[in-house]
Amino acid sequence: MNNRLLCFLVFKLAFMSTGFSQESSTGILRARIMNYPAPHDTGLVNLLNSISAEYMLVKPDSMIYFASKSIQLARRIKYPLGETRAIGNMAKAYYVKGSYDLSLKHAISAKSASEKINDRLGLAYALNSIGLIHLTQNKSAEAIQDFLRALKLATEVNNVKLQASVYINLGLAYTENNRPDIALKYLGIGLEHCNKYSLNSYSAMLLNRMAETYYSLKKYEKALEHYRLVLSKPEYENSWEYSLAYSGIARIQLERGLSADAIENAEKALLYAREVNAKYDISRALKILYSAHQKQNDYSNAFKYLELERIYSDSLFNEAKEKEINRLNLQLKQAENIQLQKLNEQNREQLKFIRKVTIVIAALAFFLLIKTILIFRVSRQKNKLNHDLKLKSQAVEEQNQLILKQNVQLENLNQTKDQLFSIIGHDLRAPFGSIIKAMEMMREGGMSDTELKFFLDGFYEKLRETSDMLDNLVTWASSQQFGIKARPVNIDLGRQADEILSIYDTLLKEKNIELKHVRVPDTNVFADPDHVRIIIQNLIANAIKFTPQDGKISIFYSADADRIAIHITDSGIGISAGKISKLFNLAGKEISTYGTKNEKGIGIGLLLVKKFADENGAQISIQSKVGEGSEFTVHFGRRGPGE
């Protein structure tokens, strides 16, 4: 699960145990504060904490304001329980704002204060908050331990809503930890718990979370069963959860080729998502609508939904980037805090040493008899302190090296950003310019049917070309920023190739290319399905791109006891030996080449192929001769470790 999706899910369900904000409830609470009689007491602190919690998901700044007022009053009247709960609210508010460093600071403070006064409920809330922050740092193992402790405490104090929230968080954490079976176990226990106490909103969320987990395991019937359970019970009615359930059903229908049904359910998902302005759900529904209309050859509606999805996708990307920056700032501040702690320890040791020396000097005036003994003792202690200082200096140097390494990583991120903007500025501007110019000519009218068909063919070709470029660009940028992590499963290599070939039917017909796909019975391999799709798609796209009109492309397979190879050959222009040596090492203009119909690329496709192949333990080989064509062969393993 990517960070953007994880942050969205946590934002939606992380703190549901406090309830959602309503204008009427906050208005009533504010009125009670205005009319609260003097003198101010613990009741006013509790009231301030209540209104602070009500503002969580809609106005986190207001939440911080009322929580800070509560802290001030609680300290003045010496009410530690109220102060502890207010600090916990501050941690939640900063989490919602994406300020993870401040959230962690207040969560740790709330944990310490709760332990001091033996407030088990406050401690459970604090551990839940700390676990969620660990999830944003990709520390799922630590998050699981925090959530398990929080669940134990919430059960002891019988807070059923907090128990429900922690069950959902455990499902997320185990999913992130690549243990979907345990995730489903806790989600199932949570569902039984919520049904027992009629926590309908939580029940709907748990069912949707279980459906998403089954979908990731490709158990589509189980996923559909859980999505439909959400929609079948009136007491579960919730726009957010209905949107997720309808879009989940539509996604499966789209994969099964039921485009009309997928459109109907995706439109329902979009309607519910817009009711609560859920940007991620809106973007998800728009993607499904775009793909479904495209499969029905309804390019007008497909283009409309694609444009809408791009707007929401850009907004979500910016929010995710801001949270990622906050996460990196948190890590940097943690490193700085460690360094400061070590410096403070050194200062304390130095102060101890100075005090001891002062005592020795004062004692010398009165106890000359023991002068020699004291000097020997101080000398021995001094040597020990010097040794300790040397060790601490080495530790500081190691910390400096770590900070320097982090600076290098940040510099690499900046270089990736600059390269990304360079590609967007130079390589994507031209096709978009051509598309806009063609649309302007079409709007002016006056074209014959033949001219209109010519422009539409060119328009489609540019869109296809630009779409492939964007896919590679986004995948490359993501791999540069977040790295590549394979999630291998057993997949049918031949079936993957068939699905990808269906995308290029139009391009093959335009160039009148004869394509042969020779299937064999057993082509199961152990690899990440998304990575395999990118590898095969790029190699097929390149074969079409560099094969001339009326050319030939052949796809066939070879196998031995341990590996299966897919061979993609073409009768294209071929590749020189000098260029072959650079194909998997360089990106951009230096490696990019125009196709036989002047198709443009951005020079990162084969670099992606190499990266994803290496991550999956696959091997690539190339045979090519200029003017005669090329053959790319990718060898995948048949099975995973221990099989």
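In short, a report on the structure. (Residues numbered from 1 in each chain as written. Predicted model: local features only at pLDDT ≥ 70, side-chain atom pairs only at ≥ 80, totals over all residues. Heavy atoms only, no water.)

**With respect to the packing of helix 8 (residues 140–156) against helix 9 (residues 160–176)**
Orientation of helix 8 relative to helix 9, taken along the N-to-C sense of each, is 160 degrees, at an axis distance of 9 Å. For the element pair helix 8 / helix 9, the angle class is roughly antiparallel. In terms of crossing hand, the pair formed by helix 8 and helix 9 is left-handed. Seen from helix 8, the contacting residues are S140, I144, F147, L148, A150, L151, A154 and T155; seen from helix 9, they are L162, Q163, V166, Y167, N169, L170, A173, Y174 and E176. Grouping the amino acids of the contact of helix 8 with helix 9 by side-chain chemistry returns 12 nonpolar, four polar and one charged. (Axes fitted to C-alpha atoms, helices over the stretch in contact; angles between N-to-C directions. Helix = DSSP H or I, 4+ residues; strand = E, 2+ residues; numbered from the N terminus. Parallel < 35°, antiparallel > 145°, perpendicular 65-115°, else oblique. Left-handed = near helix turned anticlockwise from the far one by under 90°. Contact = heavy atoms within 4.5 Å. Nonpolar A, V, L, I, M, F, W, Y, C, P; charged D, E, K, R; others polar.)

**Comments concerning helix 4 (residues 60–76)**
Every α-helix winds through 3.6 residues per turn, so residues three or four apart in the chain are directed the same way. Across its 17 residues, helix 4 extends 24 Å between first and last C-alpha, which sits within 8% of the 24 Å expected from 1.5 Å per residue. Of all the positions in helix 4, only P60, M63, I64, F66, A67, S70, I71, L73 and A74 are classed as buried. Backbone geometry just downstream of helix 4 places K78 in the positive-phi region, at approximately 60 degrees. (Expected span 1.5 Å × (residues − 1). Buried < 20%, exposed > 50% of the residue type's maximum accessible area, 1.4 Å probe, protein only.)

**Thoughts on the packing of helix 9 against helix 10 (residues 180–196)**
Interhelical geometry of helix 9 versus helix 10 gives an angle of 165 degrees and a closest axis separation of 7 Å. Put simply, helix 9 runs roughly antiparallel to helix 10. Helix 9 and helix 10 meet at a crossing whose hand is left-handed. Contact residues: V160, Q163, A164, Y167, I168, L170, G171, Y174 and T175 in helix 9; P180, I182, A183, Y186, L187, I189, G190, H193 and C194 in helix 10. Residue composition of the contact of helix 9 with helix 10, grouped by class: 13 nonpolar, five polar and no charged.

**Observations concerning a nonpolar patch on the surface**
A surface patch of nonpolar side chains, amounting to about 620 Å² of accessible area, comprises F366, F367, L369, I370 and I373. Turning to its location among the elements, I370 is positioned in the loop between helix 16 (299–366) and helix 17 (371–427). When its relative accessible area of 34% is taken as the criterion, I370 is described as partly exposed. (Patch = residues over 30% accessible without salt bridge, like charges linked within 9 Å, V, L, I, M, F, W, Y side chains within 5 Å. Areas by Shrake-Rupley, 256 points an atom, 1.4 Å probe, with all protein chains shown as cover. Salt bridge = Lys/Arg side-chain N within 4 Å of Asp/Glu carboxyl O.)

**Examining the sheet that holds strand 5 (residues 563–570)**
Within the open sheet, the five strands sit side by side as 2-4-5-7-6. Their pairing is mixed. The two strands at the open ends of the sheet, each matched to only one other strand, are strand 2 (514–517) and strand 6 (619–625). Taken pair by pair, the neighbouring strands of this sheet meet at an average axis angle of 15 degrees, ignoring direction. Where strand 2 lies against strand 4 (residues 552–559), four bridges are found, and the strand directions are parallel. For E514, the partnering residue across the bridge sits in strand 4 and is K552. Sitting on the sheet, helix 20 (residues 493–503) touches strand 2, strand 4, strand 5 and strand 7 (629–637), and the angle it makes with strand 2 is about 155 degrees. (Pairing = 2+ DSSP bridges.)

**Let's talk about unusual backbone geometry**
The phi dihedral of N138 is positive, around 60 degrees, even though this residue is not glycine. Relative to the helices and strands, N138 resides in the loop between helix 7 (120–136) and helix 8. One non-glycine residue, D550, lies in the positive phi region at around 65 degrees. Here D550 is to be found in the loop between helix 22 (529–546) and strand 4.

So far we have only geometry, and geometry alone does not tell us how the molecule works.
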